[in-house]
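Analysis of the macromolecular model
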Amino acid sequence: MEFTTPCGPSIRHSRSTNAHTLVNWPLPPERPSSEDSGMKTPFTPGDERPHLLDLTSDDLRHWLDDRGYPTFRNGQIWAWVMHRRAESFDGMSDLPKKLREELDSSFRLWTASVAAHQKADDGTEKLLFELADGGRIECVLLREEARRSICVSSQVGCAMGCVFCASGLDGVDRNLSRGEILEQMLRLQRLLPEEERLSHIVMMGMGEPLANLDSVLSALEVARDPQGLGISPRRITISTVGLPAAIDRLAQYATPFHLAISLHAPNNTLRDRLVPVNAKIGIDDILSAADRYFAATGRRLTFEYVLLAGINDTQQCALELVRLLRGRVSMLNVIPYNQVAGLPYATPSSEAIHNFRNFLLEGGINIMFRQRKGDGIDAACGQLRRQRAN
Ligand code: SAH
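Around the ligand, the surrounding shell holds 20 residues, and the nearest of these are Glu208, Ser239, Ser262, His264 and Asn338. If the ligand stood free it would expose 540 Å²; the protein chains cover 95% of that surface. Residues that form the shell around the ligand fall into these classes: eleven nonpolar, seven polar and two charged.

Here it is in structure tokens:
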């Protein structure tokens, strides 16, 4: 199955005909600090050293050149960062001591500290990062059979204003840098035993990736590069609320990543309510951009649909959705809502989910329903940050 997962709400894809299992997990013991995760950080507020991960390989090669180091040191350093999971420059044991010291006085390998580390019984782990400027973001490692998927944030907060989502309740603070996006990937990778590799990435954490496309693409290029994390672009999903100009840019981009569009409603009246940014865009323009993306890349699109009890789970909505998506080479991913404290939305009953699913199936729509995961660790992105802020 090619599609990966959204942060937290769920990770299992199920096409079975039975009612869906909505798993509510007991609250796991909390890992209060970076100590527990084995990820002590050299984080110091006010540290002005650049983030190594903001440098491209060429940048670092020039830096090494300027100091008279041979080019092969560049490859060695990146191998330590990407594959050998170095925790510090000092740990890069086959580099000359002087180079390690120079690296350490010039760059930070990590710029975030781990403010919280939560684990669920099934192996899902969530990190709450405190960034150098105090901003907080979340990222998640999901274990499912052989898959090791990570869900990564692109912004501190989010400006899209989806009314059911915890990430955007306080708006957006800023974009994340390429280095901050990469750091999430590398530090999640460090949670895996040595013999395991990351297999999938979804840009479904906090933020709107297409509102920070330069940094997102720059980080994803490293993720897909065999010298980097070596993850196929087919296994890297960019999820968007649907920003047509940025989708067009992505369609022309050399690497065809997997695109997921968060639809959540089959008509503009309802979508304007649930996804306020829609009022300025409209579903038609989004679907036209999606069609152009498919024409340019040949990649099947995914549409996401968070199911909210009594709001977008009706037969009428299902029928409209069928009319909207029929004929498109796409997959509809239906995600039961992951309850956010303080918000007036609820997950539909199993029966309502079952009925909704049947209407779509009868309409001939390609669908995927997911089991929920991660409730116990505030798994919908933005929840943990919010809980800690309160
Ligand atoms: N801004 C991007 C990516 C981040 S959100 C986007 O809109 O796609 C990733 C997905 O999780 C989106 O489909 C979003 O609507 C969904 N989501 C957000 N909060 C959720 C919740 N509480 N329960 C279930 N899904 C949620």
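Where a strand is regular, its side chains alternate between the two sheet faces. Of all the seven residues making up strand β13 (residues 330–336), seven are buried; the element is thus mostly covered by neighbouring parts of the structure. In β13, alternate side chains face the same way, and those of Ser330, Leu332, Val334 and Pro336 on one face and Met331, Asn333 and Ile335 on the other are all buried. Read from strand β12 (residues 301–307) through helix α9 (residues 315–325) to β13, the crossover connection turns out right-handed.

End to end, helix α4 (residues 178–189) covers 17 Å across twelve residues, agreeing with the expected 16 Å (1.5 Å per residue, within 8%). Within α4, burial applies to Arg178, Gly179, Glu180, Ile181, Leu182, Glu183, Gln184, Met185, Leu186, Arg187, Leu188 and Gln189.

Okay, the packing of aromatic side chains next. Aromatic ring pairs are described here by two measures, namely the spacing of the ring centres and the angle between the planes. For the structure shown, the criterion picks out five aromatic pairs. With 6.3 Å between their ring centres and 90° between their planes, Phe164 and Tyr337 make a pair best called edge-to-face. One end of the pair, Phe164, is in the loop between β7 (155–157) and β8 (172–175); the other, Tyr337, is in the loop between β13 and α10 (350–362), and 173 residues separate them in sequence. Tyr337 shares its class with Phe164; the two are buried. Here Tyr337 falls in the buried class, since its relative accessible area comes to 2%. By way of ring pairs, the aromatic residues Phe164, Tyr337 and Tyr345 are connected into one cluster. Note that Arg84 overlies the ring of Trp80, its terminal NZ or CZ placed 3.9 Å from the centroid. In this structure, Arg357 is placed above the aromatic ring of Phe369, and the distance from its NZ or CZ to the ring centre is 5.6 Å.

Rules of the game
- Residues numbered from 1 in each chain as written.
- Predicted model: local features only at pLDDT ≥ 70, side-chain atom pairs only at ≥ 80, totals over all residues.
- Heavy atoms only, no water.
- Near = heavy atom within 4 Å.
- Areas by Shrake-Rupley, 256 points an atom, 1.4 Å probe, with all protein chains shown as cover.
- Nonpolar A, V, L, I, M, F, W, Y, C, P; charged D, E, K, R; others polar.
- Buried < 20%, exposed > 50% of the residue type's maximum accessible area, 1.4 Å probe, protein only.
- Helix = DSSP H or I, 4+ residues; strand = E, 2+ residues; numbered from the N terminus.
- Right-handed = clockwise from strand over helix to strand, strands pointing away.
- Expected span 1.5 Å × (residues − 1).
- Phe/Tyr/Trp six-rings, centres within 6.5 Å; stacked < 30°, edge-to-face > 60°.
- Lys NZ or Arg CZ within 6 Å of the ring centre and 35° of its normal.

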